[in-house]
Amino acid sequence: MEMSENIKKWLEENGVRYEVFNNMLLIPYESTLVMIRTVEWNEKKIVEVIASVAIDIKPNIELFKFLLEKNAEIPFGKFSFVEEGIDKKPTVFYSHYLLEKFMQKEEFEASLAAVMAVADTFDEDVAKLGNGLTFREYAQKMKEGEKE
């Protein structure tokens, strides 16, 4: 689904650098990667703002308890666990969703800022609890593997 031109314009107005990949906007931020995409749901367009938190994790009770507690504490967005996430590896994401039809610039900017901040704040803790890697660590590991 085609990305809203408003989103691109708002990112550019704020000096946010992004790349386009498979109809998603990719924004590297600190040790995470933020992805923005538009998806169809019940005949409505939804804007998904999602960030990688930890990759190649080992699921365990302590990790899931931590994620559920944070979901209850943090009012904007949610953590999710995907068994076959990035590169088909168990991945924790943090995301927030907006209805495109009614989305305003301020709301989008708040969503993006919250997702970026939460993902970057908790990625090291989640990676440690799940014995996994932050996006930055994972990307570095993949780069090193290509050199060998």
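See the structure printed just above.
Residues numbered from 1 in each chain as written. Predicted model: local features only at pLDDT ≥ 70, side-chain atom pairs only at ≥ 80, totals over all residues. Heavy atoms only, no water.

1. Points about the packing of helix α1 (residues 5-13) against helix α3 (residues 105-129)
Worth spelling out the cut-off: Fitted lines through C-alpha atoms serve as axes, helices being fitted only where they are in contact, and the angles separating the N-to-C directions of these axes extend from 0 to 180 degrees. A run of DSSP states H or I qualifies as a helix once it reaches four residues; a run of E qualifies as a strand once it reaches two. Both are numbered from the N-terminal end. By the definition adopted for this analysis, an angle is roughly parallel if under 35 degrees, roughly antiparallel if over 145, roughly perpendicular if from 65 to 115, and oblique otherwise. By definition, turning the near helix anticlockwise from the far helix through less than a right angle yields a left-handed crossing, and turning it clockwise yields a right-handed one. Here a residue-residue contact requires only that any non-hydrogen atoms of the pair lie within 4.5 Å. Residue polarity is assigned by list, with Asp, Glu, Lys and Arg as charged and Ala, Val, Leu, Ile, Met, Phe, Trp, Tyr, Cys and Pro as nonpolar; anything else, Gly included, falls into the polar class.
For the pair α1 and α3, the least separation of the axes is 11 Å and the interaxial angle reads 70°. The angle between the axes of α1 and α3 places the two elements in the roughly perpendicular class. Along this stretch, α1 crosses α3, giving a crossing that reads as right-handed. Of the residues in α3, those touching α1 at I7, W10, L11 and E13 are K105, F108 and L112. Its residues assigned to classes, the contact of α1 with α3 shows 5 nonpolar, no polar and 2 charged.

2. Brief notes about the side chain of T134
Heads up, the condition is: The rule is simple: take the accessible area with a 1.4 Å probe, protein chains only, and divide by the maximum for that residue type; under 20% is buried, over 50% is exposed, in between is partly exposed.
Tracing the backbone through its elements, the reader meets T134 in the loop between α3 and α4 (135-147). A residue is classified by how much of its surface remains accessible, and T134, at 3% relative accessible area, is buried. Among residues more than four places away in sequence, those in contact with T134 are S31, V53, D123, E124 and A127.

3. Observations regarding the environment of I55
Inspection of the secondary structure puts I55 in strand β4 (residues 44-55). Sequence separation of I55 and S4 is 51 residues, and the distance between their C-alpha atoms is 28 Å. The residues touching I55, leaving out its near neighbours within four places in the chain, are I86, K89, P90, T91, G132, L133, F135 and Y138.

4. Regarding the sheet that holds β4
Filter applied, for reference: Strands pair, by our definition, only if DSSP identifies at least two bridges between them.
Pairing is antiparallel in the open sheet, where 6 strands are placed in the order β1-β2-β3-β4-β6-β5. Strand pairing shows two members of the sheet lacking a second neighbour, β1 (19-21) and β5 (78-82), which therefore form its edges. Pairs of neighbouring strands in the sheet enclose a mean axial angle of 35°, with direction left out of account. Where strand β3 (residues 32-41) lies against β4, 8 bridges are found, and the strand directions are antiparallel.

5. Overview of the side chain of H96
The condition that has to hold: Here a polar contact is taken to be a pair of N or O atoms separated by no more than 3.5 Å, where protein atoms must pair a possible hydrogen donor with a possible acceptor and residues adjacent in sequence count only if both atoms sit in side chains.
By the element assignment, H96 lies in strand β6 (residues 91-99). Polar side-chain contacts of H96 include one of 2.8 Å to the side chain of S111. Setting aside anything within four residues of it in sequence, one finds H96 in contact with V47, E48, V49, F76, G77, S111 and V115.

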